[in-house]
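Residue strings, one per chain:
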Amino acid sequence: MISTPKPLPVFRRAVIDSWRSTLIWTAALAAVLLLYLPLYPSMNGAEMRSLISSLPAELVNALGYEDILSGPGYVQATFFGLLGFVLITAAAVSWGSTAIAGAEESGRLELVLSHGVGRVRYAVESALGILVRLLWFAVATAVVVLALGGPSELGLDAANVAAVEAAWLGLGYLSGSIAMAAGALTGRRTVALGTAAGVAAAGYVMNALANQNSDLDWLRNFSPYSWAYRNDPLADGFDLPGLGLLAAACILFTGLAVWALNRRDILG
């Protein structure tokens, strides 16, 4: 009897092989939320208000602390805009750089392709594997944020939590897709890591500069970080133009990864 090949072999292997790291990243994200969110009631006192008002306005704006005394502003400043951004970017860049460049350097990519898996299929399924794991992060963190929202007096709206999770997910996957594309173009994991991390850092810096000086507001047009957060989704809900820019960039770099892998010679 001929066995039927299981669907999505590359996707399934990527998810199965990384389940330990996925759980570790999830635990790290949950730990940050459990550490910071319950502190909000004690941070929202007169002393904290006095401290924030005593800081230079440029510094407050650069750090995204202008609304930190509100519940949504506090969650945005401490998690989605800072530590959560760092963690999801690190995970996405790690997975994205490993998916093609890392597999090529280890010789695994050539082996997989020799077993009848097409290059386009390999790249698409690898991208899907990254997206699904990041989607798990979004669901897991949303559950924790909503669970802590009441006890921590954050005043969060569930729909707005979904909005910020969508922006955070798009921002994270964009880093992963850039890492995949750089890896597919060069076949070098260090290049993929450096390129994706550099783009993420540049986006954060451009947003911080634009916050400090209105004359630099044009920098937001080139900052994925600004696309995700400039309209404060935790307070104002879904920002469709910003999400649209993130989605378009994700599709562009995923497509670039597919195209580059499909045309370049693979080194054994």
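Residues numbered from 1 in each chain as written. Predicted model: local features only at pLDDT ≥ 70, side-chain atom pairs only at ≥ 80, totals over all residues. Heavy atoms only, no water.

Enquirer: Just to check I follow, could you spell out the overall build of the protein for this structure?
Expert: The helix and strand inventory of the protein stands at 13 helices and zero strands. Written out in order from the N terminus, the α and β elements of the protein read α-α-α-α-α-α-α-α-α-α-α-α-α. Considering the protein as a whole, with its 268 residues, one finds that 47% of them fall into the buried category. Accessible surface computed for the protein: about 12,800 Å², of which carbon and sulfur atoms make up 67%. (Helix = DSSP H or I, 4+ residues; strand = E, 2+ residues; numbered from the N terminus. Buried < 20%, exposed > 50% of the residue type's maximum accessible area, 1.4 Å probe, protein only. Areas by Shrake-Rupley, 256 points an atom, 1.4 Å probe, with all protein chains shown as cover.)

Enquirer: Looking at this structure, how should I read the side chain of Ser152?
Expert: Relative to the assigned elements, Ser152 resides in the loop between helix H8 (119-149) and helix H9 (158-186). Taking relative accessible area as the criterion, Ser152 reaches 2% and is therefore assigned buried. Setting aside residues no more than four positions away along its own chain, Ser152 makes contact with Leu37, Pro38, Tyr40 and Pro41. (Contact = heavy atoms within 4.5 Å.)

Enquirer: For this particular structure, what's the right way to read unusual backbone geometry?
Expert: Trans is the common state for peptide bonds, and a negative phi is the common state for residues other than glycine. One non-glycine residue, Glu153, lies in positive phi territory at about 60°. Within the secondary structure, Glu153 sits in the loop between H8 and H9.

Enquirer: Is there a simple way to explain the pattern of salt bridges in this structure?
Expert: A side chain of one charge can pair with a side chain of the opposite charge if their charged atoms are brought near each other. Tallied over the entire structure, the rule returns four salt bridges. For Arg13, the salt bridge is made with Asp17, and the minimal N-O distance between the two is 2.9 Å. Within this pair, Arg13 and its partner Asp17 are both found in helix H1 (residues 9-17), separated by four residues, close to a single helical turn. By relative accessible area, which is 45% here, Arg13 ends up partly exposed. When the shortest N-O distance is used, the salt bridge between Arg264 and Glu104 registers 2.6 Å. With Arg264 in the segment after helix H13 (240-263) and Glu104 in helix H6 (residues 71-106), this residue pair connects regions lying 160 residues apart in the sequence. Considered together, Arg264 and Glu104 belong to a single accessibility category, that of buried residues. (Salt bridge = Lys/Arg side-chain N within 4 Å of Asp/Glu carboxyl O.)

Enquirer: I tried to follow the packing of aromatic side chains on my own but got confused; where do I start?
Expert: Geometrically, a pair of aromatic rings is defined through the distance of the ring centres and the angle of the planes. For the structure shown, the criterion picks out 10 aromatic pairs. Residues Phe85 and Tyr204 carry aromatic rings whose centres are separated by 6.1 Å and whose planes lie at 15° to one another, so their mutual orientation is stacked. Of this pair, Phe85 sits in helix H6 while Tyr204 sits in helix H10 (residues 189-212); the two residues are 119 residues apart in sequence, bridging distant segments of the chain. Between the aromatic rings of Trp218 and Phe222, the centroid separation amounts to 6.2 Å while the plane-to-plane angle is 80°, which identifies the pairing as edge-to-face. The class of Trp218 is partly exposed, set by a relative accessible area of 46%. The positively charged end of Arg133 is found above the aromatic ring belonging to Trp95, 4.4 Å away from the centroid. (Phe/Tyr/Trp six-rings, centres within 6.5 Å; stacked < 30°, edge-to-face > 60°. Lys NZ or Arg CZ within 6 Å of the ring centre and 35° of its normal.)

Enquirer: What's the story with the packing of helix H2 (residues 19-36) against H8 in this structure? I'm lost.
Expert: The description of two helices packed together rests on the angle between their axes and the distance between the axes. Look at H2 against H8: their axes get within 10 Å of each other, and the N-to-C directions meet at 25°. The pairing of H2 with H8 is recorded here as roughly parallel in orientation. For the crossing formed where H2 meets H8, the hand is right-handed. Residues Thr22, Trp25, Thr26, Leu29, Leu33 and Leu34 of H2 form the contact with H8, whose participating residues are Arg133, Trp136, Phe137, Ala140, Thr141, Val144, Val145 and Leu148. (Axes fitted to C-alpha atoms, helices over the stretch in contact; angles between N-to-C directions. Parallel < 35°, antiparallel > 145°, perpendicular 65-115°, else oblique. Left-handed = near helix turned anticlockwise from the far one by under 90°.)

Enquirer: What is the right way to look at the packing of H6 against H10 in this model?
Expert: Where H6 contacts H10, the two axes come as close as 8 Å, and the packing angle between them is 155°. Judged by the inter-axis angle, H6 sits roughly antiparallel to H10. Judged by the twist between their axes, the crossing of H6 over H10 is right-handed. Mapping the contact onto sequence places Gly81, Leu82, Phe85, Thr89, Val93, Ser94, Ser97, Thr98, Ala101, Gly102 and Glu105 in H6 and Arg189, Ala192, Leu193, Ala196, Ala197, Ala200 and Tyr204 in H10.

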